[in-house]
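A structural walkthrough
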Amino acid sequence: MNLQREPPWESLQQIAQFLDPKSLAMSSCVSKLWHEAMSSNHLWKPFLSSHYPSSLHLISNTTSHHSLFSLLRNSSSRRRHQLTPPPPRISLHELFFAVDLFCGDERVVSQGKLASEFEVDKGGIFRFGYEVEGEGKEGEWRVVWVVVMEGCLKAFTVIERVDKGRVVGGNGLWFSEELPGGRCCVGVGGGGGLVGEVGLEFYCDVEGGGRRKMVRVRLGVLSVIGCRYVSLDDGLRYLEHFLL
Amino acid sequence: MATIITKEQQEKEKMVTLVSSDSEKFVVEQKVAEKSHVIKMVMNCCGIESPIPVRRVKGDILKSILEYCEKHSKGEAQEVMEKWDKEYMDKAEKDLVFFHDLMLASHFLHIQELVDLIAVTFAGMLKMKSPEEIRQKFNINNDLTKEQEEHIMTTFGWAFQPI
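Within each chain, residue numbers correspond to sequence positions counted from 1 in written order. In the order they appear in the text, chains get letters beginning with A and ligands get numbers beginning with 1. Totals for whole chains, interfaces and linings use all residues, but because this is a predicted model, local features are given only for residues with pLDDT of at least 70 and pairs of side-chain atoms are given and counted only at 80 or more. Excluded from the side-chain calculations are hydrogens and water; all other atoms, namely the structure's heavy atoms, are used.

An unreviewed UniProt entry lists chain B under the name SKP1-like protein, from Dioscorea cayennensis subsp. rotundata. UniProt positions are given in the numbering used here, feature names are shortened, and annotations may be inferred rather than shown by experiment. Per its UniProt entry, chain B bears the Subunit (unreviewed entry) comment "Part of a SCF (SKP1-cullin-F-box) protein ligase complex." Looking at chain B in UniProt, the text filed under Sequence similarities (unreviewed entry) is "Belongs to the SKP1 family."

Under an unreviewed UniProt entry, the name given to chain A is F-box protein, and the source organism is Dioscorea cayennensis subsp. rotundata. The UniProt entry for chain A carries the following text under Subcellular location (unreviewed entry): "Nucleus". UniProt lists a comment for chain A under the heading Subunit (unreviewed entry), and it reads "Component of the SCF-type E3 ligase complex."

Below, the structure written as structure tokens:
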């Protein structure tokens, strides 16, 4: 059943008095007449003064109550819903990972290839791996992981560390180093809240006389908060600051 | 006691005839007709002897309005009235053309209680509806230019976000 005519302006004003802010906002988008009727200052003033009492000081002849209310609501909803960041400007196909592992003076494993050619984590996190064949050694390690941008014009050292590593479980040796803050406001006064990590996994070859063999190298970037790996996109967005 | 009865009887005798735009006649007590501020003013100045034309209101609408005024002139308990009002609105809401005419007539006749009741009901019909749903339900033409619509939608961006 359709109406022949729109409700007159007076009726709309009357109806508007009984609407909550959201319904009032939706009704404002219906037509010119509805917009005019639904955006009167006297309708929005009570919402403004109950939600943001201090903002009434901002009202001037050129600011309407509904637009000020919306400005503040838009701002808080942006805050709550966190605008999705732009997609990363670099991809794994443009990055070259160079990983060199030394134990003492001896080079144990070296690997250099496109990031996309490593085993990429399927869950979309910034974590990579590759199989290696190397001897398990004891001693002080030098671990270097550098990301080089295609064209070899820029590079970023994720980790460069000389120490004995941290033993994790029976067969893991892990190295980590805090990453610098990006050139944006992230991590003011300290690191970026991120840690670069290189993990070595060993396998104890019982048949081969109990010799420890290195079987896999893992690379990743973690967030200090919650000790979780960052997402692939967040990792790329971080590297952007140094590689573009 | 006796004087009160006489007064009531006198009240009862005070009947007024209202004539709708389509010439339908309604004979009601003066206190019922008085619920309309406009009719009250007409009665005050012209008396109740001759029929009062209500030119802008059709018979079916005037009948429904007088039914409302009659119920509301009895001074019944609030709960009873609230229940009656709800049933009255439920019925009116079913036919949007009728509902719309009722709204216009209540404005025109200046029956504030009914104007408010209809406005609350109308507001309830707008709840949780998108602009397009509102336009469809009430057959409203969107006369906003694309730029105006975009501007308004951006201003009220928060209302379109999930909570």
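Quick look at the overall build of chain A
Secondary structure counts use DSSP, requiring at least four H or I residues in a row for a helix and at least two E residues in a row for a strand, with both numbered from the N terminus. Along chain A, the regular secondary structure elements total six helices and 11 strands. Burial status follows relative accessibility: with a 1.4 Å probe on protein chains alone, a residue under 20% of its type maximum counts as buried, one over 50% as exposed, and anything between as partly exposed. Per-residue burial for chain A yields a buried fraction of 42% across its 244 residues.

Thoughts on the interface of chain B and chain A
Taken together, the 45 residues of chain B in the interface contact 37 residues of chain A. The term buried area means the drop in 1.4 Å probe accessible area that two parts suffer when joined, counted for both and summed. Taking both sides of the interface into account, the surface hidden between chain B and chain A amounts to around 3600 Å²; carbon and sulfur atoms contribute 68%. By the criterion of area lost to chain A, the three top residues of chain B are His100, Phe156 and Trp158 of chain B, representing 20% of everything that side buries. By convention in these notes, a salt bridge is any Lys or Arg side-chain nitrogen within 4 Å of a carboxyl oxygen on Asp or Glu. The interface formed by chain B and chain A includes one salt bridge. A salt bridge links aspartate 20 of chain A to lysine 127 of chain B; the nearest nitrogen and oxygen atoms lie 3.7 Å apart. The term polar contact refers here to a pair of N or O atoms within 3.5 Å; inside protein, the definition further demands a hydrogen-donor-capable atom paired with an acceptor-capable atom, and it admits residues adjacent in sequence only when both atoms are side-chain atoms. Our enumeration of links across chain B and chain A arrives at 10 residue pairs in polar contact (both at pLDDT 80 or more). Looking at the side of chain B that touches chain A, the elements that each hand over two or more residues are α6 (96–108), α7 (112–126), α8 (131–138) and α9 (146–155) of chain B. For the side of chain B that touches chain A, the element with the most residues is α7 of chain B, which contributes eight residues. Residue polarity follows a fixed list, in which Ala, Val, Leu, Ile, Met, Phe, Trp, Tyr, Cys and Pro are nonpolar, Asp, Glu, Lys and Arg are charged, and the others, Gly among them, are polar. Taken together, the residues of the side of chain B that touches chain A break down into 24 nonpolar, 13 polar and eight charged. We call two residues in contact when some of their heavy atoms are within 4.5 Å.

Observations regarding the nonpolar core
Taken as a class, soluble globular proteins show a tendency for nonpolar side chains to be buried jointly. The criterion is simple. A nonpolar core is a set of buried Ala, Val, Leu, Ile, Met, Phe, Trp, Tyr and Cys residues joined through side-chain atoms within 4.5 Å. Counting 65 residues, the largest nonpolar core has Trp34 and Trp44 of chain A together with Leu18, Ile65, Met89, Leu102 and Leu114 of chain B as the members making the most contacts within it. Per-element accounting of this core gives the leading share, eight residues, to α7 of chain B. If sequence neighbours within four positions are ignored, methionine 89 of chain B has contacts with Phe99, Leu102, Leu114, Leu117, Ile118 and Thr121 of chain B. Of all hydrophobic cores here, the second largest spans 41 residues; its members include Ala115, Phe128, Val143 and Leu236 of chain A.

Details of the side chain of lysine 71 of chain B
Counting through the fold element by element, lysine 71 of chain B comes out in helix α4 (residues 59–71). Classification of lysine 71 of chain B by relative accessible area gives buried; the value is 17%.

Concerning the pairing of strand β10 (residues 211–223) of chain A
All names here are of chain A. When DSSP finds two or more bridges between a pair of strands, those strands are recorded as paired. As paired strands, strand β4 (residues 127–135) and β10 are joined by seven bridges and run antiparallel to one another. In the sheet register, glycine 134 faces β10, and the bridge partner there is methionine 214. Across two bridges, the pairing between β10 and strand β11 (residues 228–229) is antiparallel. Residue serine 223 lies in a different strand from β11, and its bridge partner there is arginine 228. Taking the residues between adjacent antiparallel strands as the criterion, β10 and β11 are bridged by four residues, where glycine 226 takes a positive phi near 80°.

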